[in-house]
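Structural overview
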Amino acid sequence: MTGEVGRRRARKIARRAAAVGAAMALAAIYAIAASRDPRSALYAFFASPFASGYSFFSMIERAAPMLSCAVGACIALKAGAFNLGGEGQAVLSFLSHMN
């Protein structure tokens, strides 16, 4: 039984890693196709948010409203309810994170 759980967990991790890898590959392809200077575009997209503490926390601050909305949708879906109020959740989370 433990071996089956481990294999299931490994498949789940592999699927998530493949999804993240595919998203990063698509972002890189878009940056290469849409930019005159692909190297600086890729650096700005993948490395510059982690270049300094200010950049990192600025990224977290901008992502917080959407993460709040996603958490609300995940809670509703995990409870078995289909939530049609995603736009309202987004607006409320944006308003709650304004300074």
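Anything mentioned here points back to the structure above.
So, here is what we can say about the structure in this document.

**A few points about a positive patch on the surface**
Where like charges cluster on the molecular surface, the positive patch consists of Arg 9, Lys 12, Arg 15, Arg 16 and Lys 78. Top contributing element to the positive patch by residue count: helix α1 (residues 2-34), with four residues. Of note, Arg 15 is situated in helix α1. In this structure Arg 15 comes out as exposed when scored by relative accessible area, which is 57%.

**Brief notes about the pattern of salt bridges**
One pass over the structure, following the stated rule, counts three salt bridges. When the shortest N-O distance is used, the salt bridge between Glu 4 and Arg 7 registers 3.3 Å. Of this pair, Glu 4 and Arg 7 are both found in helix α1, three residues apart, which corresponds to roughly one turn of the helix. Across the salt bridge formed by Glu 4 and Arg 8, the nearest N and O atoms sit 3.9 Å from each other. Placement of the pair is Glu 4 and Arg 8 together in helix α1, with a separation of four residues, close to one helical turn.

What counts and how
Residues numbered from 1 in each chain as written. Predicted model: local features only at pLDDT ≥ 70, side-chain atom pairs only at ≥ 80, totals over all residues. Heavy atoms only, no water. Patch = residues over 30% accessible without salt bridge, like charges linked within 9 Å, V, L, I, M, F, W, Y side chains within 5 Å. Areas by Shrake-Rupley, 256 points an atom, 1.4 Å probe, with all protein chains shown as cover. Salt bridge = Lys/Arg side-chain N within 4 Å of Asp/Glu carboxyl O. Lys, Arg positive; Asp, Glu negative; His and termini not counted. Charge placed at Lys NZ, Arg CZ, Asp CG, Glu CD. Helix = DSSP H or I, 4+ residues; strand = E, 2+ residues; numbered from the N terminus. Buried < 20%, exposed > 50% of the residue type's maximum accessible area, 1.4 Å probe, protein only.

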